[in-house]
Amino acid sequence: MRFNWVTLPVSMVALALAQPALGASSPALQAIEQQLQGLVSTKSADVGIAAIDLATGENINVKGNTPFPMASTMKIAVAASYLAQVDHGRRSLGDSIGKSTARAQLERMMIHSDNAATDRLIHNLGGPKAIQDFLDFHRVSGMRVDRNIAQLLKDPRDLWDRRDSSTPLAMAQFLRRLDREAILSPSSRAVLFDMMRRCETGKNRMKALLPADAQVQHKTGTLNGYTSDVGYISLPDGRRVALAIFARGGADRPRTIAEAARTLYDGFRSVITWNFRPPLTSGQ
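What counts, and at which threshold
- Residues numbered from 1 in each chain as written.
- Predicted model: local features only at pLDDT ≥ 70, side-chain atom pairs only at ≥ 80, totals over all residues.
- Heavy atoms only, no water.
- Pairing = 2+ DSSP bridges.
- Helix = DSSP H or I, 4+ residues; strand = E, 2+ residues; numbered from the N terminus.
- Axes fitted to C-alpha atoms, helices over the stretch in contact; angles between N-to-C directions.
- Expected span 1.5 Å × (residues − 1).
- Buried < 20%, exposed > 50% of the residue type's maximum accessible area, 1.4 Å probe, protein only.
- Arc of directions from axis to C-beta.
- Contact = heavy atoms within 4.5 Å.
- Salt bridge = Lys/Arg side-chain N within 4 Å of Asp/Glu carboxyl O.
- Core = buried A, V, L, I, M, F, W, Y, C linked by side-chain atoms within 4.5 Å.

A. Local environment of the sheet that holds strand S7 (residues 216-223). With antiparallel pairing, the five strands of this open sheet are ordered in space as S2-S1-S9-S8-S7. Strands at the two margins of the open sheet, each flanked by one partner only, are strand S2 (59-62) and S7. Put simply, the sheet's adjacent strands are angled 5° from each other on average, direction ignored. For S7 and strand S8 (residues 226-234), the ladder comprises eight bridges, and the chain directions are antiparallel. From the neighbouring strand, Lys-219 faces S8, where its bridge partner is Val-230.

Next comes the structure, spelled out in structure tokens:
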């Protein structure tokens, strides 16, 4: 079952080409973005980063509009698709899928990144097109789902393939919308975020250099020559940041992701958001 879902002087041009464009709107966030640009310039990998303050919507990005493979980070879209069906009464977490329940399959997919469980859920929903229909219905642009996991792994590997890709900004914006909009009910959102909180993969990535008490809800992605981590980081004052970090080629990609996540954590923590009021329940 599917959802039915200006010419500039030459000198200015030269200056623009000589310096990376800054996506951040405020001077404080631009400083953080410049730190990230300096960081990735020292790395051999091709790195894309986006982060959004969930309270204000302000973003920081480096290569934020460049498509990267999603790999297993697309499993967030699969989970959201299924949970939206639950919200509409078309499915339940107790439905039998394979030899277990839908909730068990979702947990295997989101916590342990089980590919078989993912493909069972995709099949139950109606195939990859059903996931894309869900994204299209909610006007999620910059993300595309073309294949299930078995097909993706079977096909010749091309880390610049536009299929099954997302830009860092698109992923971070999708995460913000899941947190801030009524794509999912509060109860389904809580289920998804709890599974992301319990993610067991990629401990050497986003979480590796953060304080031990930092709250992280995330999902990793891995292919030969490619590493990613996307999700949410909570700051000590209760603010939350959605972030997506993709890295392909080069060396030591997990460390690059860890360093970028720590730069973002420290940077956003140092920025005062005057109109921010901490949520009553973090993550809801």
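B. Examining helix H2 (residues 27-41) more closely. Compared with an ideal rise of 1.5 Å per residue, which puts 15 residues at 21 Å, H2 spans 21 Å between its outermost C-alpha atoms and is within 8% of the ideal. Within the span of H2, buried status applies to Leu-29, Ile-32, Glu-33, Leu-36, Gln-37, Leu-39 and Val-40. Down the axis of H2, the sector holding all buried residues measures 160°, keeping them to one side. Away from its buried face, by an angle of more than 90 degrees, H2 presents the exposed residues Pro-27 and Ser-41. The inward-facing, buried residues of H2 abut strand S1 (46-53), S2 and helix H10 (253-270).

C. Representation of the pattern of salt bridges. A full pass over the atoms with the stated rule returns 21 salt bridges. Here Arg-163 and Asp-155 are joined by a salt bridge, their closest N and O atoms 3.6 Å apart. One network of salt bridges, in which partners are shared, links Arg-147, Asp-155, Asp-161, Arg-163 and Asp-164.

D. Quick look at the nonpolar core. Core analysis: the biggest nonpolar cluster contains 52 residues, and Leu-106, Phe-174, Leu-178 and Leu-192 have the highest contact counts within it. The greatest single-element share of this core, amounting to eight residues, is contributed by helix H3 (residues 75-87). Non-local contacts of Leu-106, meaning those with residues more than four positions away in its chain, are made with Ala-79, Tyr-82, Leu-83, Leu-93, Leu-121 and Met-195. Within the second largest apolar cluster, 28 residues are counted, among which are Val-216, Val-241, Ala-247 and Ala-261.

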